[in-house]
Structure formats: C-alpha cells, structure tokens
Amino acid sequence: MRFLLRVTLLICASGPAGCGMQVVVPTNPNNYSIEPGAVAKLRTSRSVVLRNGYTEPAPREMPMRHNTLVVDQKQLTDTGIAMLARALQKQGIATVQQADNSVTLRVRAQGYAAQPFRWTGKVLLEAQLGDGTLISYPNESLSPKGWENAFDGAVLFALNDLLADERFVAYMNRP
Amino acid sequence: MVFAVELRSGLGEGRGVTHPKGIGLARLNAAVLLAALAAGCASDRISVVPAPADLGAKSGKRICIVENPNVAVRDFVLAYRTALERRGYFVEIFQKNPQVSVCQLTSRYVAYANGFAQLELYWEGRPVGNGFHSSAALSNEALDTLVSRLLP
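The shown structure was predicted, so the numbers you read here are calculated from the model rather than taken from an experiment.

Asker: It is not clear to me how the overall build of chain A should be interpreted in this structure. Could you clarify?
Answerer: Each helix and strand counted, chain A has four helices and eight strands in total. Starting at the N terminus and walking to the C terminus, you meet the elements of chain A as α-β-β-β-β-α-β-β-β-β-α-α. Put simply, chain A has 175 residues, and 34% of those count as buried. Considering only contacts within chain A whose residues lie at least 6 apart along the sequence, 72% involve residues at least 24 apart.

Given below as structure tokens:
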C-alpha cells in the first residue's frame, strides 16, 4: 500500500515535466492561396527577389499548460514566400534570384490561443524592402483544423496586409 | 478588482469609521486588510508591458482598434473603446489592419467569456506594449485599469 502511494506521488510530482512534450507545428504552403484580387494592384511583367530573413532554423517555443508549442519561424517564412511567389507569378511577376526589386520576409510566431476545437495562431510578418523600408504587420487566424492551419492562415492574412500596403505597392510598381 | 473598488467607495463615504463603540476601527482594519488582499489578487490578474510614455504624444492620441470577429464577448470592443476614450484617445475601429498612413498606433485584442482579455499595441505594425487580464469576470473598472497601465 505504501509502495503504491509512493509510486502515485512520484507520478503526480513528475506529471507536468514527465508528460510534457513538444508539439511541433507543421506548415504547408499549399494549405492556403492568396486571392488574385490581392495582387491586382501590382504591375505585371516584372521580377522580384524573395528572400527568407532566417538563414537557419528558428524555432520559437511557446509554453502551454503541459506541453510546449514549437513553431519553426524559418519554415513558416518559407511557407509565406511560397504563397506570395505563387500569387505574384499568377499576376505575371517572376520570382528570380537577381532583380532590382527585393523583399526579405521574416515571419515571427507571436503567440497562440487554444480553445476546444478552435486553434488560433498569431504571427508578425516583417518585410524588408530593397530600398530599406521595413513593413510590419501582425495578424492571427482561428482554425477548427489545428495548429498548422492556424499559423498558415495567420501568415496568409498578414501577406494580404502586406499586399495592400501602399508602401509595398509603390515599391513593387516603381519604374 | 471590483471588490477593491467597492471597498474603496465604501470608505470614501466614511462608513465604518464613526461608530461610537470602536467597532468602526475594527471594521476599518478589516476593510483595509480586505482591500490589501483584493489589491494583491488584482495585481496577480493583470500583467502589463506598458507602452512607451511618449506614445500618446507621438500618436496625437489617436488609436485604431482592429476588430476581432472571433471574440464572442458582447460589447467588449465598445467597452475597450470607451476605456481608451476616457484616457483621452480618439478611437477608430477597423475590420482589418489599417494602412500606416491612416493610423500609426493600432491595437488588437482578444477576450473570452471566462474573463481573460488581452490587449496588444502596435506602432506602425511593430509591438510596443501588451497587457492581459484574467479572472472570473472582466468588469469595466478592470478594463479601465488595464488600459491605464498599458497606456500610462
């Protein structure tokens, strides 16, 4: 009996640490697509360099009650770049390795909210334009499908903000 | 927080300090003790990273709230707006992030029925302050306190 009590106490004491695990959030650029209307203001027949501001994995760990949510910000930025590149290409803007215009993106995972069957991911999208302008937009997305869609959706919304930004449009459309 | 406010208002009216048999002093002590406890609890429930002190002047006391369609707490955005207006801010509400040329200081928020609320401030899209409140109930007074600590 005393042994059982000890084992139970040991399990209880080590519960949060012992059972705590890392929940790595995957990301997929094919989850969402930017609507064609969002890039309609950009002039066609141009090219742009899209760069990832992270050169190596940049995991952001966010403690939850018993687990830790881990978002690789470099991968999330890659997702954003792929989504943006796809939309730009449909508008006739090529993404290339060398061009006059360049945009360096950096997606920062800012937080989360967990409710029953509702997952919210929060991000901050930073875009450094080739002329030095830094544009920053926070956004978030609630998804019933899980963390992946929540964070990817937040990136989509932040990209929509960027594409609507008059400084970004002016830079991309400059002669 | 609501409790503390009620206690303070009771003392402000002079109740409990004028009883001829000295009971008033005991009540006063109890009230002070309860107020201290309540204040202690209240500070545990509010956590703030205050915005820079010059933000009000820099923004011309103009702030744009980005409405959160996922917040089901009825009238929260109106209560938040009122709290900001009490601090002297001119407030506009947007459905999505406004252009920087329209509004440099923006705020996003979240609020749940369990009394949790989080306010975030952004200057030209960059985070400059945030605060959250969590308790069983979120009162207008608590929201005022949160806003006043967020925007000193």
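Asker: Is there a simple way to explain the sheet that holds strand β3 (residues 59–63) of chain A in this structure?
Answerer: Sheet strands pair via backbone hydrogen bonds, and the direction of the pair is either parallel or antiparallel. Residue and element names in this part refer to chain A. One open sheet holds the three strands; their spatial order is β1-β4-β3, and the pairing between them is mixed. Lying at the two open borders of the sheet, with one neighbouring strand each, are β1 (22–25) and β3. The mean angle between the axes of side-by-side strands here comes to 25°, regardless of whether they run parallel or antiparallel. Bridge analysis of β1 against strand β4 (residues 68–72) gives four bridges, and the strand direction is parallel. Within β4, the residue paired with Val24 across the bridge is Val70. Running over the sheet, helix α2 (residues 73–90) touches β3 and β4 and is turned about 50° from β4.

Asker: Could you clarify how one ought to interpret the packing of α2 of chain A against helix α3 (residues 147–164) of chain A in this entry?
Answerer: Two quantities define a packed helix pair, namely the angle between the axes and the distance from one axis to the other. Residue and element names in this part refer to chain A. Close contact between α2 and α3 brings their axes to 10 Å; oriented N to C, the two are set at 50°. Classified by the interaxial angle, the pair formed by α2 and α3 is oblique. Here α2 runs over α3; the crossing is right-handed. The segment α2 lies against α3, with Leu76, Thr79, Gly80, Met83 and Leu84 engaging Phe151, Asp152, Val155, Leu156 and Leu159. Split into classes, the residues belonging to the contact of α2 with α3 amount to seven nonpolar, two polar and one charged.

Asker: Explanation requested: the environment of Val49 of chain A in the structure shown.
Answerer: Residue and element names in this part refer to chain A. Looking at the secondary structure, you find Val49 in strand β2 (residues 46–52). On the basis of neighbour counts, which here come to 15 C-beta atoms within 10 Å, the residue Val49 falls in the partly exposed class. Sequence separation between Val49 and Ala164 is 115 residues, and the spatial gap between their C-alpha atoms is 19 Å. Not counting residues up to four positions away in its chain, the partners in contact with Val49 are Val96, Gln97, Gln98, Ala99 and Ser102.

Asker: What am I meant to see in the nonpolar core here?
Answerer: Most often, soluble globular proteins have nonpolar side chains that are buried together. Ranked by size, the top nonpolar core spans 36 residues in total, and within it Val123, Leu125, Phe151, Val155, Ala158, Leu159 and Leu162 of chain A carry the most contacts. Only β2, β4, α2, β6 (102–115), β7 (118–129), β8 (134–143), α3 and α4 (166–173) of chain A provide two or more residues apiece to this core. Residues in contact with Val123 of chain A, not counting those within four places in the same chain, are Val107, Arg108, Ala109, Gln110, Asn139, Phe151, Ala154, Val155 and Ala158 of chain A. In terms of nonpolar packing, the next biggest core, distinct from the first, is built from 26 residues, Val66, Val110, Leu121 and Leu150 of chain B among them.

Asker: I keep staring at the interface of chain B and chain A and nothing clicks. Help me out?
Answerer: Many structure descriptions define interface size as the accessible area lost when the parts assemble. The partner chain A presents 11 residues to the 12 residues of chain B that form the contact. For the side of chain B that touches chain A, the per-class residue count stands at three nonpolar, five polar and four charged.

Asker: Help me understand the sheet that holds strand β5 (residues 117–123) of chain B in this model?
Answerer: Residues and elements named next belong to chain B. Strands sit in the order β1-β6-β5-β4-β2-β3 across an open sheet of six strands; the sheet is mixed. This sheet does not close on itself; its edge strands, each paired only once, are β1 (46–49) and β3 (90–94). Averaged over all adjacent pairs, the angle separating strand axes in this sheet is 20°, with direction ignored. Relative to strand β6 (residues 126–133), β5 is paired through seven bridges, and the arrangement is antiparallel. Directly across from Leu119, in β6, lies its bridge partner Gly131.

Thresholds, definitions, all that
Residues numbered from 1 in each chain as written. Chains lettered and ligands numbered in written order. Predicted model: local features only at pLDDT ≥ 70, side-chain atom pairs only at ≥ 80, totals over all residues. Helix = DSSP H or I, 4+ residues; strand = E, 2+ residues; numbered from the N terminus. Buried ≥ 20, exposed ≤ 12 C-beta atoms within 10 Å, placed from the backbone. Contact = placed C-beta atoms within 7 Å. Pairing = 2+ DSSP bridges. Axes fitted to C-alpha atoms, helices over the stretch in contact; angles between N-to-C directions. Parallel < 35°, antiparallel > 145°, perpendicular 65-115°, else oblique. Left-handed = near helix turned anticlockwise from the far one by under 90°. Nonpolar A, V, L, I, M, F, W, Y, C, P; charged D, E, K, R; others polar. Core = buried A, V, L, I, M, F, W, Y, C linked by C-beta atoms within 7 Å.

So yeah, pure geometry; function would need other evidence.
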